[in-house]
Amino acid sequence: MTPRIVIVGGSLGGLRAAEQLRVHGWSGELTVVGAEAHLPYNRPPLSKNVLVAPDASALSATELVNYPGVALRRRAHVEDVSWVTGTEVTGAVLADRVVHTANGRTLAYDGLVVATGLRPRRLPIDGFGSQRHVLRTLDDAIALREQLTTGASVVVVGGGFIGCEVAASARRAGCRVSVVEPFIAPMLRPLGSELARTLQTFHEEQGVVFELGRSVSALIGRPSDLETLGTVILDDGTELEADVLVEAVGSRPNVEWLDGNGLDLSDGVLCDNLMRVEGRGEVVAVGDVARFPNPRFDSTPRRVEHWCVPADTAQRAATTLLRGLSPADSGAEAPAPFAPLPAFWSDQFDVRIQGFGRTDHADRIEVLEGGFAPGWASDGVVVGYFRESTMTGVVIAGGTPAQRLRHKALLEAVG
Ligand SMILES: Cc1cc2nc3c(=O)[nH]c(=O)nc-3n(C[C@H](O)[C@H](O)[C@H](O)COP(=O)(O)OP(=O)(O)OC[C@H]3O[C@@H](n4cnc5c(N)ncnc54)[C@H](O)[C@@H]3O)c2cc1C
């Protein structure tokens, strides 16, 4: 029988894994099983252009998959991959090397790639389903886009990157926007207080209202129609008018299908530095769902929810898997440690925020270039994040692409 690798999860991580397996010489069968109906597409534009760009506003999901920025380039070497879309994998028996799908199929594999990513968390409050939104998929973005009409009152719960991007898009669409955030500033953990406060002011100048240090305690219907959401009540009793509620309160790894195999699934799938799942040579994980140690920082395994991670981890996972499946290669010299430089970006109004490395565990934050005075958005402000005197991260807000690349190089030299 032809050997087969099954990839579970048909998004960026699944696609990058398929590409890397072919690049590194896998000539057996490759089957990607994905729960979504669409072939892989890019998620970053979903909270940005897709919500507001005039040329995207009338496009259906099928058309949006080919929209600039959303479309992913189809590389020739994955032409022969079998895509099983709209099909959820509901279980796996790793000892027998099989996965089971919701529609009753059993797929046997020689190698398995876990690429099932995340799903949004929800507020623990019932009701008003049609006016409540999360944002992970193209279909989520289309449902939200339809309700971002001029003058609508939008309450975004969660002031992280996705919450702030949605707030900016909703303002651009002419909505009245409030952001409810439990911390003292939006994006506080990844950016630190000074930059976070600067971005808060920037949003406020564009008309976004922040409710900081607050959480949602209840949702109330309109007096004229109790079935339709009208008000969001906060924990201090504040009442916010709401036609639309966006829940941007974090994500949960999709790992339940791996239950019963004795794996550590406490926060995604625990991997070693080779991206092997618990030392198994025939199972690897990639992308947002994978928790792995990065020796660039320390030995603690962590998940990293950035766009560049699927590509980085897929490269490592592919070589590991092929080595595990080929007894002839198993005695070869161990590869160099896998120490990718995390990179992320966020576009809010007309400002790009770009980060490299780790910024969330700094004991010192220092402005390296520019400052927070008016004009920072065009001049750029560069902030360094240090831990025990070593720079572990850098963020550039505003400024030029050349500035951003220069500081990436600086950090690569340090790490
Ligand atoms: C709205 C939005 C905006 C973003 N913007 C940025 C940005 O500006 N910059 C940045 O750096 N990053 C951004 N990101 C993060 C980036 O898109 C993710 O890091 C990336 O999509 C992770 O890819 P993944 O393949 O690991 O996981 P996912 O994209 O979550 O894909 C996992 C896939 O697996 C499928 N699946 C799950 N369970 C099963 C199952 N049991 N069986 C079969 N299939 C299953 C899911 O349906 C999904 O299609 C953004 C993310 C979102 C949602």
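What counts and what doesn't
Residues numbered from 1 in each chain as written. Predicted model: local features only at pLDDT ≥ 70, side-chain atom pairs only at ≥ 80, totals over all residues. Heavy atoms only, no water. UniProt positions renumbered as here; feature names shortened; annotations may be inferred. Core = buried A, V, L, I, M, F, W, Y, C linked by side-chain atoms within 4.5 Å. Buried < 20%, exposed > 50% of the residue type's maximum accessible area, 1.4 Å probe, protein only. Helix = DSSP H or I, 4+ residues; strand = E, 2+ residues; numbered from the N terminus. Near = heavy atom within 4 Å. Polar contact = N/O pair within 3.5 Å; in protein donor to acceptor, adjacent residues only side chain to side chain. Nonpolar A, V, L, I, M, F, W, Y, C, P; charged D, E, K, R; others polar. Domains from an automatic or database assignment. Contact = heavy atoms within 4.5 Å. Buried area = accessible area lost by both parts, 1.4 Å probe. Pairing = 2+ DSSP bridges. Axes fitted to C-alpha atoms, helices over the stretch in contact; angles between N-to-C directions. Expected span 1.5 Å × (residues − 1). Salt bridge = Lys/Arg side-chain N within 4 Å of Asp/Glu carboxyl O. Phe/Tyr/Trp six-rings, centres within 6.5 Å; stacked < 30°, edge-to-face > 60°. Lys NZ or Arg CZ within 6 Å of the ring centre and 35° of its normal.

If you look the chain up in an unreviewed UniProt entry, it shows as Pyridine nucleotide-disulphide oxidoreductase from Rhodococcus koreensis. The record in UniProt for the chain states the following under Cofactor (unreviewed entry): "FAD".

Now for the nonpolar core. In terms of nonpolar packing, the biggest core is built from 49 residues, with Ile7, Leu21 and Val99 touching the most fellow members. Only strand 1 (4-8), helix 1 (12-23), strand 2 (29-33), strand 4 (89-93), strand 7 (111-114), strand 19 (283-285), strand 20 (290-293) and helix 8 (308-325) provide two or more residues apiece to this core. Core analysis: the second largest hydrophobic core is formed by 48 residues, Leu51, Cys164, Leu199 and Ile353 among them.

Here the focus is the site of the ligand. If you check the shell around the ligand, you find 35 residues, and the closest are Gly13, Glu36, Arg43, Lys48 and Arg136. Between the ligand and the protein, one listed contact pairs an oxygen atom with a side-chain N or O atom of Glu36 at 2.6 Å. Between a nitrogen atom of the ligand and a main-chain N or O atom of Val89, the distance comes to 2.9 Å. When contributions to the shell around the ligand are tallied by element, the ones reaching two or more residues are helix 1, helix 5 (161-172) and strand 22 (343-348). Classifying every residue of the shell around the ligand by side-chain character gives 15 nonpolar, twelve polar and eight charged.

Here the domain parsing of the chain yields domain 1 (4-119 + 252-329), domain 2 (122-249) and domain 3 (350-414). For domain 1 and domain 2, the distance between their C-alpha centres works out to 30 Å. Domain 1 puts 21 residues into the contact, and the matching count from domain 2 is 15 residues. Around 1,500 Å² of area is buried between domain 1 and domain 2 when both sides are counted, 62% of it from carbon and sulfur atoms.

What follows deals with the sheet that holds strand 26 (residues 390-397). In sheet architecture, strand pairing relies on hydrogen bonds along the backbone and comes in two forms, parallel and antiparallel. Ordered in space as 22-23-26-25-24, the five strands form an open sheet in which the pairing is antiparallel. Of all strands in the sheet, those bounded by a partner on one side alone are strand 22 and strand 24 (364-369). Ignoring which end each strand starts from, the neighbouring axes of this sheet average 20 degrees apart. As paired strands, strand 23 (residues 351-357) and strand 26 are joined by five bridges and run antiparallel to one another. Note on strand 26: the bridge partner recorded for Gly357 is Gly393.

Our focus in this paragraph is helix 5. With twelve residues, helix 5 extends 17 Å between its outermost C-alpha atoms, agreeing within 8% with the 16 Å of an ideal straight helix rising 1.5 Å per residue. For helix 5, the complete set of buried residues consists of Gly163, Cys164, Glu165, Val166, Ala167, Ala168, Ser169 and Ala170. A positive phi of about 90 degrees marks Gly174, the residue just after helix 5.

Quick look at the pairing of strand 26 now. Counting buried positions along strand 26 yields seven of eight residues, so the element is predominantly enclosed. Strand direction decides the pairing type here: strand 25 (residues 381-387) and strand 26, joined by seven bridges, are antiparallel. Of the residues in strand 26, the one forming a bridge with Tyr385 is Gly393. In this structure, the hairpin formed by strand 25 and strand 26 is closed by a connection of two residues, where Glu388 is found at a positive phi of approximately 45 degrees.

This part covers the pattern of salt bridges. Inspection of the entire model under this criterion finds 24 salt bridges. Among the salt bridges present, the one from Arg303 reaches Glu305, with a minimum N-O distance of 3.1 Å. Judged by relative accessible area, Glu305 falls into the partly exposed class, the value being 41%. Arg352 is paired through a salt bridge with Asp347; the nearest N and O atoms lie 2.7 Å apart. Judged by its relative accessible area of 30%, Arg352 falls in the partly exposed class. In this structure Asp347 comes out as partly exposed when scored by relative accessible area, which is 24%. Salt bridges sharing common partners tie together Arg16, Glu19 and Arg75.

On to the packing of aromatic side chains, then. Tallied over the entire structure, the rule returns five aromatic pairs. Summarising the aromatic geometry, the rings of Phe161 and Phe344 are spaced 5.4 Å apart at their centres and angled 45 degrees between planes, so their arrangement reads as tilted. Here Phe344 lies in strand 22 and Phe161 lies in helix 5, a separation of 183 residues in the sequence. Taken together, the ring pairs connect Phe202, Phe349 and Trp376 into an aromatic cluster. Its guanidinium or amino end placed over the ring of Phe386, Arg364 lies 4.2 Å from that ring's centre, counting from NZ or CZ.

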